[in-house]
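Listed below are the residues making up each chain.
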Amino acid sequence: MKFDTIIIGGGLSSLVCGIRLQEAGKQCLIVSAGQNALHFSTGTFGLLGRLPDGTAVEEPLLDIPKLPDNHPYSKIGVERIKEYAAGVIPFFGKYGIKLCGFNGANGWRFTPMGTFKPAWLALEEIPFFKSPDEVIGHKALIVNFAGFMDFNSVFIAEGLEKKGLSCRIESVKLKVVENLRANPTEMRSINIARVMEQEECWKEFGRTVHSLLKDEDVVVVPEVFGLNNPLVCDWVREMIKVKVLFVGTMPPSVAGIRTQKLLKKAFENIGGTFLMGDEALSSSISDGVVTSIKTRNLDGTLLEADDFVLASGHLFAHGLVASPGKIEEPVFGLDVDFVPDRNEWYDKNFFEKQNYLGFGVVTDSRFRAFKNASLVDNLYVIGSEVGGCNSLNEGSGAGVAIMTALRVADEIIGG
Ligand SMILES: Cc1cc2nc3c(=O)[nH]c(=O)nc-3n(C[C@H](O)[C@H](O)[C@H](O)COP(=O)(O)OP(=O)(O)OC[C@H]3O[C@@H](n4cnc5c(N)ncnc54)[C@H](O)[C@@H]3O)c2cc1C
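The structure displayed is predicted, hence computed values, not measured ones. Sequence order as written defines residue numbering, which begins from 1 separately in each chain. Reporting in this predicted model follows two pLDDT cut-offs: at least 70 for local features of residues, and 80 or more for side-chain atom pairs to be given and counted; totals over whole chains, interfaces and linings ignore these cut-offs and use all residues. Think of the side-chain values as coming from all heavy atoms in the structure, minus any hydrogens and water.

> I'm lost on the sheet that holds strand β5 (residues 107–110) in this one. Help?
Sheets are built from strands that pair by backbone hydrogen bonding, the pairs being arranged parallel or antiparallel. In this scheme, strands are said to pair when DSSP sees at least two bridges between them. In this description a helix means any DSSP run of H or I spanning at least four residues, a strand means any run of E spanning at least two, and both kinds are numbered starting from the N terminus. The sheet built from three strands is open, its strands ordered β6-β5-β8 with antiparallel pairing. Taken across any chain shown, the strands that pair with only one partner, and hence form the sheet edges, are β6 (116–119) and β8 (128–129). By the bridge criterion, four bridges tie β5 to β6 in an arrangement that is antiparallel. Within the sheet, the bridge partner assigned to G107 lies in β6 and is A119.

Here it is in structure tokens:
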């Protein structure tokens, strides 16, 4: 089977790249082994929250020129990053994903731990503020589903009380959700969200919460609405009639799954082919060019293309694989930038910068990969697999995924 471009991985970087290429008339195949980081997403996109030395960033586009030369943003160049950044909200909006931000400045997401964290853009329903000092309200009612353990009302109350709000916690028992409790493993965000897609269910929830209100001006609920249709969040808001904050739960992330589904649908609607649940296992490279790959499910079928894009993620997604002494990229055997001394890989203090998160595939200035120090001319690397940055430490995860995806797509298109 022959395509113009084959992309390995089904996460944010892969889908953005695939959509851009399909929009430009390239025939693309995405091979996706399984879950990706969007399934665990906060519903916000980071572009740059901190410089590598730890300095907090307020305006990412102003601080990007301070990054080292091998950082993916430096390879793209600040002017192109500005151009791509300006297009992100319209790009996602075109496919039904509404993002909001503060004219390029970082905003503040209210976390499930009751704290505030910086981010660049947020999905519309995510509680996102210009400043952590912004007045949210005066009295908050925090509502959980009885028996739902993945939403911590107490942490949220503590966080809001630190901001001067007085808080009251309630739990609601809805018959449709109670059915999930027959088996405790069913009481997960995604299953509640499936139930809450049904009109009679979100209406019953909205009515019940409204009836619990005393004099509160803010209601906090778990972010389990709008799995397929983000309008459900608006409808719940209308029923409750005071300000509603949909606060994230433990994974899976309902907002992230919806984003992934919408991007996948967009890719397929414009003619892309998505191989769900398949895994690239091996590749053929000759004379510095990838000629084909083989996958688990299509064993025996060579998948050929003019260009290949590796978007298979970091260690978390098995795009990179660690053994005691090394980090490897398993599909092509590409050169990976890592520190050989394993003692240098991590800090025992979990909350400190973890060096292993900065390991990644070595690329040239156009994000082409190297194997045994030789350039592979038609193999590009995008997203969290690219070396040169520590996205968790910098708060640049989605930004690196989107910017490298757009840059490589343009490179392939010829821009
Ligand atoms: C748990 C978690 C939560 C995060 N939350 C946020 C957040 O809220 N905001 C933010 O800005 N950043 C976040 N990040 C950072 C994240 O890295 C980026 O935001 C971005 O989503 C990464 O996308 P990606 O496409 O590079 O990789 P991934 O999303 O990791 O996707 C990689 C994909 O490749 C597939 N794959 C792997 N090997 C193969 C193979 N051999 N064949 C086929 N497919 C394969 C995997 O199954 C997966 O689908 C998070 C990261 C993690 C790990």
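Text resumes after the structure shown.
> I tried to follow the site of the ligand on my own but got confused; where do I start?
Near the ligand lie 33 residues; those nearest to it are S13, A37, T42, T44 and S384. Contact distances for the ligand include 3.4 Å between an oxygen atom and a backbone N or O atom of L12. Definition of a polar contact: a pair of N or O atoms within 3.5 Å, with one able to donate and the other able to accept a hydrogen when the atoms are protein atoms, and with sequence-neighbouring residues admitted only if both atoms are side-chain atoms. Between A280 and the ligand, the recorded distance is 2.9 Å, taken from a backbone N or O atom to a nitrogen atom. Contributing elements (two or more residues each) for the shell around the ligand: α1 (12–23), β2 (28–32), β3 (44–45) and α12 (397–413). A per-element tally of the shell around the ligand places α12 first, with three residues. The criterion for a residue being near a molecule or strand is simple. One of its heavy atoms has to lie within 4 Å of it.

> Where do I start with the domain arrangement of the protein in this structure?
It is common to report an interface's size as the accessible area lost on association of the parts. What counts as a domain boundary in this text is fixed by an automatic or database domain assignment. Entries for the protein in the domain assignment read domain 1 (2–102 + 257–413) and domain 2 (127–247). Here the C-alpha centroids of domain 1 and domain 2 sit 34 Å apart. By definition in these notes, contact holds between two residues if any of their heavy atoms fall within 4.5 Å. Taken together, the contact pairs seven residues of domain 1 with 10 residues of domain 2. Both sides of the domain 1 and domain 2 interface together cover about 720 Å² of buried area, and 67% of this is carbon and sulfur. Looking only at domain 1, the three residues that lose the most surface to domain 2 are F102, R258 and K261, adding up to 68% of its buried area. Salt bridge, as used here, is a side-chain nitrogen of Lys or Arg placed within 4 Å of a carboxyl oxygen of Asp or Glu. The interface formed by domain 1 and domain 2 holds zero salt bridges in total. Among the elements of the structure, β4 (99–101) and α10 (254–269) are those that each provide at least two residues to the side of domain 1 that touches domain 2. Of the residues forming the side of domain 1 that touches domain 2, the biggest block, three residues, is contributed by α10. Taken together, the residues of the side of domain 1 that touches domain 2 sort by class into three nonpolar, two polar and two charged. Accessible area, probed at 1.4 Å, shrinks when two parts are joined; the buried area is that loss added up over both. Under this grouping Gly is polar, as are all residues other than the nonpolar Ala, Val, Leu, Ile, Met, Phe, Trp, Tyr, Cys and Pro and the charged Asp, Glu, Lys and Arg.

> For this particular structure, what's the right way to read the sheet that holds strand β7 (residues 121–123)?
Taken in spatial order, the three strands of this open sheet run β3-β7-β4, and their pairing is antiparallel. Sheet topology places β3 and β4 at the edges, where each strand pairs with a single neighbour. Alignment of β3 against β7, held across two bridges, turns out to be antiparallel. The partner of T44 across the bridge, within β7, is A122.

> It is not clear to me how the layout of surface pockets should be interpreted in this structure. Could you clarify?
Left-over empty space is what a probe sized like a water molecule reveals as it rolls over the atoms. Here the second largest pocket is characterised by a volume of approximately 260 Å³. For each structure, a 1 Å grid was placed over the protein atoms alone; sets of points admitting a 1.4 Å probe that cannot get out are labelled cavities, open sets with protein on both sides within 12 Å along at least five of seven lines are labelled pockets, and lining residues have an atom within 4 Å of a point. Lining the second largest pocket we find 15 residues, and of these K353, G358, G388, C389 and N390 sit closest to its centre. When grouped by side-chain class, the residues that make up the lining of the second largest pocket number six nonpolar, six polar and three charged. Grid points are joined across faces, edges and corners, and a volume is the space filled by probe spheres set on the points.

> When you look at the packing of aromatic side chains in this model, what are you seeing that I'm missing?
Each aromatic ring pair is summarised here by two numbers: the centre-to-centre distance and the angle between the ring planes. Pairing of aromatic side chains here covers Phe, Tyr and the six-membered ring of Trp, requires ring centres within 6.5 Å, and sorts the geometry by plane angle: under 30 degrees stacked, over 60 edge-to-face, intermediate tilted. Inspection of the entire model under this criterion finds 15 aromatic pairs. Here F350 and F351 contribute two aromatic rings whose centre-to-centre distance is 5.3 Å and whose plane-to-plane angle is 90°, an arrangement assigned as edge-to-face. Neither residue differs from the other here; F350 and F351 are each classed as exposed. Members of the aromatic cluster, joined through ring pairs, are F45, F91, F92 and Y95. Working rule: Lys NZ or Arg CZ, within 6 Å of ring centre, within 35 degrees of ring normal, means a charge sits over the ring. Positioned above the aromatic ring of F274, the side-chain terminus of K264 is 5.2 Å from the ring centre. Each residue is placed in one exposure class: buried if its accessible area under a 1.4 Å probe, protein chains only, is under 20% of its type's maximum, exposed if it is over 50%, and partly exposed if it falls in between.

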